[in-house]
Number of protein chains: 2
Amino acid sequence: MSHHRLFQKMVYLSLVVLLLSGCAVPLLARTIQSEEQIKQDPVKIVYQSIGIFHTELTPQTGSPRQGILQTEIKGTIEVYPEYQEALRDLEKYEYIIVIYHMHLSKGWHTPVRPPSSSHTFGLFATRSPNRPNSIGFSVIKLKKVEGNILHVRGIDAFNRTPVLDIKPLLPSIDCPGGKINLDVEKEIGLKQKK
Amino acid sequence: MSHHRLFQKMVYLSLVVLLLSGCAVPLLARTIQSEEQIKQDPVKIVYQSIGIFHTELTPQTGSPRQGILQTEIKGTIEVYPEYQEALRDLEKYEYIIVIYHMHLSKGWHTPVRPPSSSHTFGLFATRSPNRPNSIGFSVIKLKKVEGNILHVRGIDAFNRTPVLDIKPLLPSIDCPGGKINLDVEKEIGLKQKK
């Protein structure tokens, strides 16, 4: 066997190894993707933030428990430019629902003792930020929309909290009942509206 | 050069190629992971469903627009067993907030014309399911909790909708204002409460 043919064999073998390793990359990528796509229980769901809160609240300042009742707390929601057109007509609403990712929450446990409450509650019976999915929900007063910037009041989200969705508050479907729940609201330590 | 040494060289070269290609896999995995971890604008957020809706609503039956006003629509939320303990005390509330993933929604566009409305609105000024993040929000009447099963009324989610979070409805912070927004509710075609 000449050196030339041995060199050829070497090149072929290297090519085969390269091809095989090349297959590993797309195969791995497909595995990771399908893990998210298979509709099994439980399912993984991937969202992408549509904007970001700009507020003066940080872990150092703390976050007010009842943002909506503290209307002096001002801030903005910066909606990314690709969604600006979808903000049309939002100003017709006095209050909006903001759904956001409580990015500083870590882990969850149950039960929890809400602030100002004398006893513990199961986690889902509270609004604790430390939940299996750290999804924040707030009803916020909308003061003004300027381009892609929402000027809001009564915030309880930390600065740079990623925003996932904005919806109008529709009292006729979102606020059934009226004076419901008031006893348990006292139990979990909420101050009552006057 | 003997055949033996050429063969050795061939083996070494193949080993080098194998090692290099072996590095590609963890490197790729790290790239995919860090894409979700880097706190940039916008950020990707991964959730895992905590339960699932069991209802009689399908794309064929359609979904009522104002589930809460149609209390004859019954169903259950199956919360996965690992979260059952976190449901303690939930029964103290008459209404709960359910946040879910509208798994049958596809894409989004703006503006949209809400059903029964004569004109279009920017997407975020509506409750259309076709949103950048297909996050559903409903206030639902809680009838009973049996183990990890919530019996609910006034549902507008399709069967097998993945549930992301359950929170108590707290009217003192979630329902500010009172008879606010009623004009725009008429505009978007909502029937008013009597």
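In this text, all values refer to a predicted model and were calculated from it rather than measured experimentally.

Asks: Help me out: how do you make sense of the overall build of chain A in this one?
Replies: Along chain A, the regular secondary structure elements total three helices and seven strands. From first element to last, N terminus to C terminus, chain A shows the α and β order α-β-β-β-β-β-β-β-α-α. When burial is assessed residue by residue, chain A has 47% of its 194 residues classed as buried. At a minimum sequence separation of 6, the contacts of chain A that also span at least 24 residues come to 77%. Just so you have it, chain A exposes about 9,700 Å², and 55% of that area is on carbon and sulfur atoms.

Asks: What is the right way to look at the packing of aromatic side chains in this model?
Replies: Geometrically, a pair of aromatic rings is defined through the distance of the ring centres and the angle of the planes. If you walk through the whole model with that rule in mind, you get six aromatic pairs over all chains. With centroids separated by 6.1 Å and ring planes inclined at 65°, the aromatic side chains of Tyr47 of chain A and Tyr47 of chain B adopt a geometry described as edge-to-face. Placement of the pair is Tyr47 of chain A in strand β1 (residues 44-48) and Tyr47 of chain B in strand β1 (residues 44-48), with the two residues belonging to separate chains. For Tyr47 of chain A, a relative accessible area of 2% translates into the label buried. For the ring pair Phe53 of chain B and Tyr100 of chain B, a centre distance of 5.5 Å and an interplane angle of 85° mean the geometry is edge-to-face.

Asks: How should I be thinking about the state of the cysteines in this particular structure?
Replies: Linking two cysteines covalently through their sulfur atoms gives a disulfide. As enumerated under the stated definition, the model contains one disulfide over all chains in all. Between Cys175 of chain A and Cys175 of chain B runs a disulfide, and the two sulfur atoms are separated by 2.4 Å. The S-S bond linking Cys175 of chain A to Cys175 of chain B shows a torsion near -100°; that makes this disulfide left-handed. Of the two residues, Cys175 of chain A sits in the loop between α2 (171-174) and α3 (182-187) while Cys175 of chain B sits in the loop between α2 (171-174) and α3 (182-187), which places them in two different chains. Per residue, the accessibility class of Cys175 of chain A equals that of Cys175 of chain B, and both read buried.

Asks: Help me understand the relation of the copies chain A and chain B, please; the structure alone is not making it clear to me.
Replies: The pair of chain copies shares a relation made of a rotation about an axis and a shift along it. Between the two copies, chain A and chain B, the superposition gives an RMSD of 0.7 Å; the rotation angle is 180° and the shift along the axis is 0.1 Å. Both copies are brought into coincidence by an operation consistent with a two-fold rotation axis. Considering only C-alpha atoms, the residue of chain A closest to the rotation axis is Val46 of chain A, which sits at 2.1 Å. Residue by residue, 100% of the interface of chain A is reproduced at the interface of chain B, so both copies engage with the same surface.

Asks: Could you clarify how one ought to interpret the interface of chain A and chain B in this entry?
Replies: By a widespread convention, an interface's size corresponds to the accessible area lost as its parts come together. Facing the 91 residues of chain A at the interface are 92 residues of chain B. Buried area between chain A and chain B, summed over both chains or domains, comes out near 9,000 Å², and the portion from carbon and sulfur atoms is 64%. Of all residues in chain A, Tyr47, Phe124 and Arg127 of chain A give up the largest surface area on contact with chain B, accounting jointly for 9% of the area buried on that side. Counting across the interface, chain A meets chain B through four salt bridges. Of the charged contacts in the structure, one is a salt bridge between Arg127 of chain B and Asp174 of chain A, with a shortest N-O distance of 2.9 Å.

Asks: Would you mind going over the sheet that holds strand β3 (residues 74-79) of chain A with me for this structure?
Replies: Neighbouring strands of a sheet are bound in pairs by backbone hydrogen bonds; such pairs are parallel or else antiparallel. Residues and elements named next belong to chain A. Read around the closed barrel, six strands run β2-β3-β6-β5-β4-β7, paired in antiparallel fashion. Taking the axes of each pair of neighbouring strands and ignoring which way they run, one obtains an average angle of 45° across the sheet. Bridging between strand β4 (residues 95-101) and strand β7 (residues 162-168) involves five bridges; their strand directions are antiparallel. Along β7, the bridge assignment pairs Val98 with Ile166.

Asks: How should the environment of Gly51 of chain A be read in this particular structure?
Replies: Residues and elements named next belong to chain A. Structurally, the position occupied by Gly51 is in strand β2 (residues 51-54). Along the sequence, Gly51 and Asp165 sit 114 residues apart, while their C-alpha atoms lie 8.5 Å from each other. Setting aside its immediate chain neighbours within four residues, Gly51 contacts Glu78, Val79, Tyr80, Thr161, Pro162 and Val163.

Asks: How should the pairing of strand β6 (residues 149-153) of chain A be read in this particular structure?
Replies: Side chains on a regular strand alternate between the two faces of the sheet. Residue and element names in this part refer to chain A. Side-chain alternation along β6 places Leu150 and Val152 on a buried face and Ile149, His151 and Arg153 on a face that remains uncovered. Here β3 pairs with β6 via five bridges, running antiparallel. Each residue of the ladder has a partner; that of Lys74, found in β6, is Arg153. Note: strand β5 (residues 135-146) against β6, five bridges, orientation antiparallel. Across the sheet, Glu146 pairs through a bridge with Ile149, a residue of β6. Counting the residues that bridge the hairpin from β5 to β6 gives two residues, and of these Gly147 lies at a positive phi of roughly 60°.

Asks: Which parts of the structure should I look at to understand the pattern of salt bridges?
Replies: Side chains carrying opposite charge are able to pair once their charged atoms draw close together. Tallied over the full model, the rule gives 14 salt bridges over all chains. Note that Asp89 of chain A and Lys92 of chain A form a salt bridge whose closest N and O atoms lie 3.5 Å from each other. Accessibility expressed as a relative area gives 17% for Asp89 of chain A, which makes it buried. You can call Lys92 of chain A partly exposed: its relative accessible area is 35%. Between Asp165 of chain B and Lys167 of chain B there is a salt bridge, and its shortest N-O distance comes to 2.9 Å. Summarising the burial analysis for this pair, Asp165 of chain B and Lys167 of chain B share the class buried. Ionic contacts of the salt-bridge type, sharing partners, join the residues Arg88, Asp89 and Lys92 of chain A into one network.

What counts and what doesn't
- Residues numbered from 1 in each chain as written.
- Chains lettered and ligands numbered in written order.
- Predicted model: local features only at pLDDT ≥ 70, side-chain atom pairs only at ≥ 80, totals over all residues.
- Heavy atoms only, no water.
- Helix = DSSP H or I, 4+ residues; strand = E, 2+ residues; numbered from the N terminus.
- Buried < 20%, exposed > 50% of the residue type's maximum accessible area, 1.4 Å probe, protein only.
- Contact = heavy atoms within 4.5 Å.
- Areas by Shrake-Rupley, 256 points an atom, 1.4 Å probe, with all protein chains shown as cover.
- Phe/Tyr/Trp six-rings, centres within 6.5 Å; stacked < 30°, edge-to-face > 60°.
- Disulfide = S-S within 2.5 Å.
- Least-squares fit on C-alpha atoms with pLDDT ≥ 70 in both.
- Buried area = accessible area lost by both parts, 1.4 Å probe.
- Salt bridge = Lys/Arg side-chain N within 4 Å of Asp/Glu carboxyl O.
- Pairing = 2+ DSSP bridges.
- Axes fitted to C-alpha atoms, helices over the stretch in contact; angles between N-to-C directions.

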